[in-house]
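# Residue-level structure breakdown
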Amino acid sequence: MRGFRIAELNLYIDNGELPTRYSLPACYRDFMLPELAETDRLGIVTGSRGSKIVDTLLLKVVNRIPPVEHGQGNPLFYGANWELWLDTHGRYIFVAPQEAPAYRIVIDADFSYGEIIGDFSSPAGAALFPLQNLGIRIFINWLANGGDVVVHASGASIHGKGYFFAGESGAGKSTLISALAEQPGMVVLGEDQVIIRYIHGQFWLFGTPWHTNPSLCSPLGVPLHKGFFLDRNKEARAAALSPLEGVSCLFQTAFIPFYRPAAVERILDRFSLLADQTPFYSLSYVLGTDVLDLILNPR
């Protein structure tokens, strides 16, 4: 049984009775946990690591064609590539209607157990990674149970301290992180998404596997030190933002499940605390210049 560890959360996928092993995206490989034997399945213990959130989710693959209806549930979110429903038992149903073969992931409200239901014995299903594009959606909602978030930003550990770089598409997040990757003492956590969690009274920045380049992501987590919001339309400088300005910018770039009001309230409370503990900056730089000096010594 394979497992992954992302931002101190453990997700195991039990293949059940399927004879084949699923395909594994390259960016997930560094996030893998030691493989568990089937006899160890009941030994998985869920709990918390300094936050109010279950830290281990077990998903069992069920090889059957999923029903058309969603358990007489209520729709929470409709999107072009995915949907989220809440069934009559309070479980979340993640659906990817465009995937072939059709499948869904049903997960308990506390994110401790769930099932991946689909026709995985078909030729298309045999090569399918069971999470597909729903992986990030699951983690967004799982993290939200504790007020934590996935952020659309690049991120790095620089000498053991966490820095994130957020901005609109085209602002230069990937370009910046690629330029910084060659610097000594630098570990790229992610080129496009990172996770911010509050653990043991401190904010941490974690890498994620939801990227296309395996060399630009890492499972590492480090204490969050500074947050930057990119602005390519100004002169080269790093200008301090007020806590309110910083939180407002973060709110626009974080993946927030607005379809879950209670989770949004927890995230807003967490953002208020984040603003008190983390300095935010607006960063403008010129390609080819020493942007690292600006990041380490904002002015």
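Here's what I pulled together on the structure shown here. (Residues numbered from 1 in each chain as written. Predicted model: local features only at pLDDT ≥ 70, side-chain atom pairs only at ≥ 80, totals over all residues. Heavy atoms only, no water.)

Within the protein, the regular secondary structure consists of six helices and 19 strands. For the protein, the residues scored as buried account for 53% of the 299 residues in total. Looking at the protein as shown, the accessible area adds up to about 13,400 Å², and 52% of this sits on carbon and sulfur atoms. (Helix = DSSP H or I, 4+ residues; strand = E, 2+ residues; numbered from the N terminus. Buried < 20%, exposed > 50% of the residue type's maximum accessible area, 1.4 Å probe, protein only. Areas by Shrake-Rupley, 256 points an atom, 1.4 Å probe, with all protein chains shown as cover.)

Here helix α2 (residues 134-144) lies mainly inside the structure; 10 of its 11 residues are buried. Listed in full, the buried residues belonging to α2 are L134, G135, I136, I138, F139, I140, N141, W142, L143 and A144.

This part is about the environment of R91. Counting through the fold element by element, R91 comes out in the loop between β6 (83-86) and β7 (92-95). Looking at R91, the relative accessible area reads 30%, which means it is partly exposed.

In this section: the pattern of salt bridges. It is possible for side chains of opposite charge to pair when their charged atoms get near one another. Inspection of the entire model under this criterion finds four salt bridges. Ionic pairing is found between D87 and R91, a salt bridge with its closest N-O pair at 2.8 Å. Residue class for D87 comes out buried when judged on its relative accessible area of 7%. Salt bridges sharing partners connect three or more residues here, namely D148, R197 and R270. (Salt bridge = Lys/Arg side-chain N within 4 Å of Asp/Glu carboxyl O.)

Turning to the nonpolar core, a few remarks are in order. Core analysis: the biggest nonpolar cluster contains 43 residues, and L11, F94, I105, I116 and L131 have the highest contact counts within it. Those elements giving two or more residues to this core turn out to be β1 (2-6), β2 (9-14), β4 (56-63), β7, β8 (103-107), α2 and β14 (194-199). Dropping the residues within four chain positions of it, L131 is found in contact with L11, I13, Y28, L59, Y103, I105, I116 and I138. Ranked by size, the runner-up nonpolar core spans 26 residues in total, among them V149, A153, A254 and I267. (Core = buried A, V, L, I, M, F, W, Y, C linked by side-chain atoms within 4.5 Å. Contact = heavy atoms within 4.5 Å.)

Before going further, it helps to examine the sheet that holds β4. Pairing in this open sheet of nine strands is mixed, and the strands run β3-β1-β2-β4-β9-β8-β7-β6-β5 from one edge to the other. Sheet topology places β3 (32-33) and β5 (74-78) at the edges, where each strand pairs with a single neighbour. Pairing geometry for β7 and β8, over four bridges, is antiparallel. Following the sheet pairing, I93 is matched in β8 by V106. Contacts from α2 reach β1, β2, β4, β6, β7 and β8, with the element oriented near 135° to β2. (Pairing = 2+ DSSP bridges. Axes fitted to C-alpha atoms, helices over the stretch in contact; angles between N-to-C directions.)

Let us look at the packing of aromatic side chains. Inspection of the entire model under this criterion finds 22 aromatic pairs. Each ring, one from F4 and one from F129, has its centre 6.2 Å from the other, and the planes form 90°; the classification is edge-to-face. Here the residue F4 occupies a position in strand β1, and F129 occupies one in the loop between α1 (123-126) and α2, the gap between them amounting to 125 residues. Accessibility assignment for this pair places F4 and F129 in one class, buried. Three or more aromatic residues link up through ring pairs in this structure, and these residues are Y92, F111, F139, W142 and W210. (Phe/Tyr/Trp six-rings, centres within 6.5 Å; stacked < 30°, edge-to-face > 60°.)

Turning our eyes to something else, we now look at the pairing of strand β16 (residues 221-230). A regular strand places its side chains so that they alternate between the two faces of the sheet. Among the 10 residues in β16, seven count as buried, and that is most of the element. Looking at chain direction, strand β12 (residues 161-166) and β16 are connected through five bridges and run parallel. Bridging across to β16, F164 finds its partner in G227. As paired elements, β16 and strand β19 (residues 280-284) share four bridges and run parallel to each other.

Let us look at unusual backbone geometry. At A7, a position not held by glycine, the phi torsion is positive, near 55°. You can see A7 is positioned in the loop between β1 and β2. Positioned with a positive phi, H159 is a non-glycine residue whose angle comes to about 55°. Counting through the fold element by element, H159 comes out in the loop between β11 (153-158) and β12.

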